[in-house]
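Structure at a glance
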Amino acid sequence: MSWKAIDRNQAVVDADAPPLLSEGVREKILSYTHRYETKRAALLPALHLVQNTLGHVSWQAMVEIAALLDIQPSDVFDTLTFYTHFWTHPKGEKVITVCRSLSCEVLGGAAVLDALKARLGIEEHGTSSDGQYSLVTEECLAGCDHAPCMLINEKLHKNVKLDDLERILADGDNDRVDMPRSDLFDAPPVAESKQPASATEDDSRTTDD
Amino acid sequence: MKNVGVDGSTTLKVYESRGGYVAARKALAMDTNAVVEEVKKANLRGRGGAGFPAGVKWGFLPKDRTTTLLCVNADESEPPTFCNRVLMEHDPHQLIEGTIIAAYATRSQVAYIYMRGEFHEQFHVLQKAIDEAYEAGYLGKKVLGTDYALECYIHRGAGAYVCGEETGLIESLEGKRGQPRIKPPFPAIEGLFRRPTVVNNVETLSCLPHIMERGADWFTGIGPPHSAGPKLFCVSGPVNKPGCYEAAMDITVRELIERDDMGGGMLSGRKVKAVFPGGLSMGVLTVDELDMKMDFEDPRNYSLLGLGTAAAVVVDDATDIRLVLRNVARFYGTESCGQCTQCREGTSWMQRIAQRIESGAGRMEDLDLLLETARNMGMMPGLSICGLSDGATYPIETIVKKFRPELEAAIRSQPAGQVEAVLQAAN
Amino acid sequence: MAKIIIDNQELECREGMPVLRAALEAGWDIPHYCYHPGLSVAASCRLCLMEMKMPHPKTREMDWAPKLFPACQTPVRDGLEVRFNSDVVKTAQESCMEFFLLNHPLDCPVCDQAGECCLQDYSYKFGRAESRMVDPKVVNPKKDIGPHTLLYTDRCVTCTRCVRFTREIAGTGELCLVQRGSKNEIDVFPGRPLDNPMQGNVVDICPVGCLLDKDFLFKRRVWELTGTSSICPGCATGCSIRVDHADNRVYRLKPRYNPKVNDWWMCDEGRFGFKYTQDNARIIKPMLRRGREETSPSWREIPDIVRFRFQDHVRASSADKVVAVLSPFMATEEAWLLIRFIREVAPEAALAMGPVPVEGEPQAFPCAPPGAPSMPDVKFTILEEKCPNRRGIEQLLEVSGGTVLTFEAFSEQAAKGDFTAAWIVGGYPKPWVEKDTAKLGSKFGLLVVQDLFENKLTEAAAIVLPACAWVERDGSFVNAKGLAQPFERAISPPDGAMRDGQYLFEIAGFEGLYSGQRVRELMAEATASLTEVYEAPPIPAHAH
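Everything numeric here is computed off the predicted structure, so don't read it as measured data.

Comments concerning the overall build of chain C
- Of the regular secondary structure elements, chain C holds 15 helices and 26 strands.
- The principal-axis extent of the C-alpha atoms belonging to chain C is close to 95 × 50 × 50 Å.
- Taken across its 544 residues, chain C has 59% of its residues classed as buried.
- Per element, the accessible surface of chain C, about 21800 Å² overall, is 50% carbon and sulfur.
- One way to put it: in chain C the 64 positive side-chain charges average out to a point 3 Å from where the 73 negative ones average out.

Structure follows, in structure tokens:
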């Protein structure tokens, strides 16, 4: 144990930086607040929205969300880190979530995970050098009847076999589910540029192992 | 599960063509208390895991309340459970209808469906169905043309098992970390936004349309008296037909695995070694215990915590029991919210011990240590705020107790000096 | 009041208070981390578990329920029966302590908390001798979370007292809990450090050595410290504090529970406000000046010198040309002695109130959260009046009668040369002699100045008497609410100096040793209202 301490006095957000969240995203977040009795209750929907838009929830995004919901940035930091689906640093274009529940593991889930690590050249929580894929695991995706399974962004891949991996990874549409979507609520926001992850940047804050 | 597998089952049109929303209309024509009484009479026990009667739960709401909130627990996170997923994926309107009935019976103004973040497809399906219901006037200011108003929103979780605990869910809905609350006060008195709140599971609510339509007597006529009504059973692992099956609560674990209209037997060449019949948290059965009845009472006779989610995962004889132990221990180590000491430290300690045992560096005394840690985490109710701690102890305890010979044999077969080498390297 | 039974002993306590608090205050040493009477109940450390009698579900007979209950979360109600002395409870405590120590680094030899650490105390009393964990410990980083505070995450027991404090008492919410499960850590949002004016309290309420005060870091082992009850002189709130000192040096100030004033808290301004007492520039010797000649008489000579000089002066001019300016930093007793002396040698002497330092606005806590519709209930106030005893001095002036002046009136008259002899008391920690006041130095034939530091007035004075810091004195202060509270002497004045009370006692013609109590007895006839002091009830050490 070293005597060096992490310095929390240093600002990580430039106070003069232009707003990160677009007007559309802000309005959407505020529109969520009407569903609840407290503004803070809109925090999870807000985090989902921001992460979908920016690819991750950066420190600056946390500060802006806090201001919108009348809470402290530390409250956002507190809540965000409790949930494994949110990350504070950029991830790859597509995030592969491999299920490691017992059902999946008994049917070869661990082998799928190992094969992906080898194929992408990364460990869990890592991002491939081309910024294309990040790899994480989840305790159970509730797809046990299709074990082993994994999610790529929002698409669930069922009964994944080692031989299928190349085909799945090569498919450009492997991360989207094609289905009618609601436009009354939670319409996907206008596409904003995702911030690509650098290959070296590892998201230590979502480490859950 | 009558609409699962029907073409277009997720659409309002098909749902209505098969008798949908008739029950809700019937319920809304009744007095709210009469609906509660009917559900009490049906002895509808919660399908989420605890088995608490839904009607009784509703009865705890203060009589003089002005605001009531309904939370639908769709945070199905107990491995290996997926029956709610199936219900939402294939029959979203049945859930919405059940939600309307429950909300009406409890005089709720808003229903929040707390859905786990891993459900993407299901979210789109259910949201689309909610939109349809709004458009048709089944939700909103005038539900089904009556003066009853109900708003219904989906609130998505983001990867936290503990949010399936009802007060963890409430905290999460309030935009906080999903740490279960201390009780009392119970949600019925002071829940979401400090309002009287009811939290019901998806499957529980999905039973309501059928109870309202066919009556409590029909419901209690199915299965044993203490475990009335149809139930969804999941089976997964190396069986021929992993899936979700509906049956009365008088089937045995063996039937669930072997019946042709259910699990369809083991994959060729594999044999049952162990079964977690009710989700991991309830504990494990050996191959000699497969005649356990899948109801609310019998599991206790097999040192299990309860029926749980009635989702069985089968472990075959090719799987090392140490892998199972580690998988289970890691699950709780990862998912403990970290609030209560026993659970935060105990789960992580058990995880480290189990990982070491799996890596081939187990010590005989580790088995007793696991048992004692489990006992210290759950020797008596009240040791921790919520049930996750108990849920973590049952599988560990039952694995170590029921599979002790195999674990001991594995430890005995380790090369000499292995333990010392591993511990030295680790520390 | 309600009657409850704890471990077969009957106890009378207030209905509705947590059983834990009732038990702690009645002397039971119940282990607890997360519970703090000033904060909301978390019931998460699970150390204060107890057994409780409940009606049996079938027979309705009262019997021990097969369940454990957190004493912090169970309110007292009449007839309640609980026990902590059963085997089940003891086993639960023991296993809980084992869990707490699993990942603890056991670095007590280099930990500031050692000696006042609840992990140490509880391990000794309730724990087991050795760890059964052979696997690697979870190692967490140290964090510099603000200008005054360090966070040793690996020593944390996740009681969240500190987080609740910043949310509920300070209202600033800098601290938060991040991550989940065994990985969770206390943290701040980077760049939003813990820097609110109340932040030092988080170090006090941390039951272990996780949150540490940089100011005290590695300065002293706590068992070498002696604690003396005192009152903070930083503002007119008058918080009860404890002065921790060793080798005649103050090391730190800690708040002391006082339900009428500060509850369990104090502000940073007060907490770190003792540094001036260690300033080498302090006046430590009495000094006589005749023309350019300066001498330093012994303390034994001082009472006579002072008395003669005043008597001389009164004989030479008239008594109403004498004035005494009292400082709001004086103890009431000291001021009474000075007034007694001045009015004895010059019955017509004027009395004046010294300047009352005011800085900014009062600060109420908790701060209103952003967007809050209304101010929350005030739990603590830092007053703009930065002195401890304006009320006490004012009351004395009132009962003393005769000519009583404000500082402005005194300044005006003095500038006109209305006074020929003056005794001016300073004792302000910060420079206080303004330009106009400095000019007054030359206006008196006889000027006695009693002060901590050299300034324009001491330069002009014929007699300079060292003032002592409050930690070196004893007496009482009357706070903004009119509450008179005694403070004790923690350390001796610097070599050469004498405490103000003692020389004023002697100058006023009394013999023997000064003490606040003794002077209060002397004062009692004239000023009863000032002599009834309130002392906050002590709470047992185990009820931290």
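This is not the end of the story, as more comes after the structure.
Some thoughts on the pairing of strand E2 (residues 94-99) of chain A
Residue and element names in this part refer to chain A.
- In terms of residue burial, E2 counts as a mostly covered element, since six of its six residues are buried.
- The alternating pattern of E2 places Lys94, Ile96 and Val98 on one face and Val95, Thr97 and Cys99 on the opposite face, and all of these are buried.
- Two strands pair when backbone bridges link them, and E2 and strand E3 (residues 133-138) are joined in this way by six bridges, in the parallel orientation. Among the inter-strand pairings, Val95 is bridged to a residue of E3, identified as Ser134.
- Relative to strand E4 (residues 150-152), E2 is paired through three bridges, and the arrangement is antiparallel.

So, the packing of helix H2 (residues 22-29) of chain B against helix H6 (residues 92-105) of chain B
Residue and element names in this part refer to chain B.
- Between H2 and H6, the shortest axis-to-axis distance is 9 Å and the interhelical angle comes to 10°. Compared by their axis directions, H2 and H6 come out roughly parallel. Contacts between H2 and H6 involve Val22, Ala23, Ala24, Ala27 and Leu28 from the first element and Glu97, Ile100, Ile101 and Tyr104 from the second.
- A per-class count over the contact of H2 with H6 returns eight nonpolar, no polar and one charged.

Details of the pattern of salt bridges
Residue and element names in this part refer to chain B.
- Evaluated as defined, the whole model comprises 81 salt bridges over all chains.
- Its salt-bridge partner being Arg116, residue Glu118 comes within 2.9 Å of it at the nearest N-O pair. Accessibility classification places Glu118 together with Arg116 in one group, the buried group.
- Here Glu171 and Arg181 are joined by a salt bridge, their closest N and O atoms 2.7 Å apart. With Glu171 in helix H8 (residues 166-173) and Arg181 in the loop between H8 and strand E4 (197-201), this pair connects stretches of sequence that are ten residues apart.
- Its relative accessible area of 14% is what places Glu171 among the buried residues.

Structural notes on the interface of chain B and chain C
- Across the boundary between the two partners, chain B contributes 41 residues, which contact 40 residues of chain C.
- Approximately 3200 Å² of surface area, both sides summed, lies buried where chain B meets chain C, with 54% of it carried by carbon and sulfur atoms.
- Ranking the residues of chain B by area buried against chain C places Trp349, Arg352 and Met380 of chain B at the top, with a combined share of 20%.
- Joining chain B to chain C, the criterion identifies three salt bridges.

Some thoughts on helix H2 (residues 43-54) of chain A
- Taking 1.5 Å per residue as the helical rise, H2 of chain A with its twelve residues ought to reach 16 Å, and the 16 Å between its terminal C-alpha atoms agrees with that figure.
- For H2 of chain A, the tally of buried residues reaches eleven of twelve residues, placing the bulk of the element in the interior.
- Those residues of H2 of chain A lying buried are Leu43, Leu44, Pro45, Ala46, Leu47, His48, Leu49, Val50, Gln51, Thr53 and Leu54 of chain A.
- Contacts made by the buried residues of H2 of chain A are with helix H1 (23-33), helix H3 (59-68) and helix H4 (73-82) of chain A together with strand E2 (110-115), strand E3 (151-156) and H8 of chain B.
- Phi turns positive, to about 90°, at Gly55 of chain A, one or two residues after H2 of chain A.

Structural notes on the interface of chain A and chain B
- Contact residues are listed per partner, giving 48 residues for chain A and 69 residues for chain B.
- Both faces considered, chain A and chain B share a buried interface measuring about 4700 Å² in area, 58% of it formed by carbon and sulfur atoms.
- Scanning the region where chain A abuts chain B turns up five salt bridges.
- Two residues, Arg326 of chain B and Glu105 of chain A, come together in a salt bridge whose shortest N-O distance is 2.5 Å.
- Applying the counting criterion to the chain A and chain B interface returns 29 residue pairs in polar contact (both at pLDDT 80 or more).
- Broken down by secondary-structure element, the contributors of at least two residues to the side of chain A that touches chain B are H2, H4 and helix H5 (102-106) of chain A.
- Split into classes, the residues belonging to the side of chain A that touches chain B amount to 21 nonpolar, twelve polar and 15 charged.

What to know about the sheet that holds strand E9 (residues 311-316) of chain B
All names here are of chain B.
- In space, the five strands of this open sheet follow the order E6-E5-E9-E7-E8, with mixed pairing throughout. Across the chains shown, the open sheet's two edge strands, defined by having one partner strand only, are strand E6 (243-248) and strand E8 (285-286).
- In this structure, strand E5 (residues 230-236) lies alongside E9, joined through three bridges in parallel fashion. Bridging across to E9, Val235 finds its partner in Ala312.

Points about the packing of helix H14 (residues 364-378) of chain B against helix H2 (residues 87-101) of chain C
- Contact geometry for H14 of chain B and H2 of chain C: axes closest at 10 Å, N-to-C directions at 115°. Crossing of H14 of chain B against H2 of chain C: the hand is left-handed. Of H2 of chain C, the residues touching H14 of chain B (which contributes Thr373, Arg375, Asn376 and Met377 of chain B) are Thr91, Ser95, Glu98 and Phe99 of chain C.
- Here the contact of H14 of chain B with H2 of chain C is built from residues that sort into two nonpolar, four polar and two charged.

Looking at the packing of aromatic side chains
- A complete count under the given rule lists 36 aromatic pairs over all chains for this structure.
- Aromatic pair Trp59 of chain A and Phe77 of chain A: ring centres 5.0 Å apart, planes at 70°, arrangement edge-to-face. Of this pair, Trp59 of chain A sits in helix H3 while Phe77 of chain A is found in helix H4, placing the two residues 18 residues apart along the sequence. We note that Trp59 of chain A, like Phe77 of chain A, is buried.
- A network of ring pairs unites the aromatic residues Tyr36 of chain A together with Tyr112, Tyr153 and Phe193 of chain B as a single cluster.
- Over the ring of Trp218 of chain B we find Arg214 of chain B; its NZ or CZ atom is 4.4 Å from the centre of that ring.
- The ring of Phe82 of chain A has Arg180 of chain C sitting right over it, with the charged end atom 5.6 Å from the ring centre.

Remarks on unusual backbone geometry
- The omega torsion across Pro79 of chain B and Pro80 of chain B is -5°, close enough to zero to call that bond cis.
- Cis geometry is adopted by the peptide bond preceding Pro184 of chain B, which originates at Lys183 of chain B and carries an omega value of -5°.
- One non-glycine residue, Asp7 of chain C, lies in positive phi territory at about 45°.
- Checked against the element boundaries, Asp7 of chain C lands in the loop between strand E1 (2-6) and strand E2 (9-13).
- Notably, Thr160 of chain C is not glycine yet its phi reads approximately 60°, a positive angle.
- Looking at where Thr160 of chain C falls in the secondary structure, it is placed in the loop between strand E8 (149-152) and helix H4 (161-168).

A closer look at the domain arrangement of chain C
- On domain assignment, one finds that chain C holds domain 1 (2-97), domain 2 (106-116 + 132-224) and domain 3 (302-357 + 388-530).
- Taking only C-alpha atoms, the centre of domain 2 of chain C and the centre of domain 3 of chain C are 44 Å apart.

Considerations on the side chain of Ser182 of chain C
- Relative to the helices and strands, Ser182 of chain C resides in the loop between strand E9 (175-178) and strand E10 (185-188).
- Accessibility expressed as a relative area gives 15% for Ser182 of chain C, which makes it buried.
- For Ser182 of chain C, the residues in contact, after removing those within four places along its chain, are Arg344 and Ser348 of chain B together with Val138 of chain C.

Comments concerning a negative patch on the surface
- A cluster of acidic side chains, namely Glu10, Glu12, Glu15 and Asp78 of chain C, defines a negative patch on the protein surface.
- Relative to the assigned elements, Asp78 of chain C resides in the loop between strand E5 (69-70) and strand E6 (81-83).

Let's talk about the sheet that holds strand E11 (residues 211-213) of chain C
- Reading across the sheet, the four strands line up as E1(A)-E7(C)-E8(C)-E11(C) and stay open at both edges, with mixed pairing between neighbours. The sheet terminates laterally at strand E1 (5-7) of chain A together with E11 of chain C, the two strands that pair on one side only. Shown here is a sheet whose adjacent strand axes are inclined to one another by a mean of 30°, direction ignored.
- One ladder, built from three bridges, connects E1 of chain A with strand E7 (residues 142-144) of chain C; its direction is parallel. Considered in E7 of chain C, the bridge of Ala5 of chain A is made with Lys142 of chain C.

A closer look at the confidence of the model for chain C
Residue and element names in this part refer to chain C.
- With 98% of its residues at a pLDDT of 70 or more, chain C shows a mean pLDDT of 94.
- Within chain C, no element has a lower average pLDDT than helix H15 (residues 528-531), which sits at 74, and none a higher one than strand E13 (residues 240-246), at 98.
- Of the two predicted TM-score estimates for the complex, the pTM is 0.95 and the ipTM is 0.94.

Cut-offs and rules
Residues numbered from 1 in each chain as written. Chains lettered and ligands numbered in written order. Predicted model: local features only at pLDDT ≥ 70, side-chain atom pairs only at ≥ 80, totals over all residues. Heavy atoms only, no water. Helix = DSSP H or I, 4+ residues; strand = E, 2+ residues; numbered from the N terminus. Buried < 20%, exposed > 50% of the residue type's maximum accessible area, 1.4 Å probe, protein only. Areas by Shrake-Rupley, 256 points an atom, 1.4 Å probe, with all protein chains shown as cover. Lys, Arg positive; Asp, Glu negative; His and termini not counted. Charge placed at Lys NZ, Arg CZ, Asp CG, Glu CD. Pairing = 2+ DSSP bridges. Axes fitted to C-alpha atoms, helices over the stretch in contact; angles between N-to-C directions. Parallel < 35°, antiparallel > 145°, perpendicular 65-115°, else oblique. Contact = heavy atoms within 4.5 Å. Nonpolar A, V, L, I, M, F, W, Y, C, P; charged D, E, K, R; others polar. Salt bridge = Lys/Arg side-chain N within 4 Å of Asp/Glu carboxyl O. Buried area = accessible area lost by both parts, 1.4 Å probe. Expected span 1.5 Å × (residues − 1). Polar contact = N/O pair within 3.5 Å; in protein donor to acceptor, adjacent residues only side chain to side chain. Left-handed = near helix turned anticlockwise from the far one by under 90°. Phe/Tyr/Trp six-rings, centres within 6.5 Å; stacked < 30°, edge-to-face > 60°. Lys NZ or Arg CZ within 6 Å of the ring centre and 35° of its normal. Domains from an automatic or database assignment. Patch = residues over 30% accessible without salt bridge, like charges linked within 9 Å, V, L, I, M, F, W, Y side chains within 5 Å. pLDDT = per-residue confidence, 0-100.

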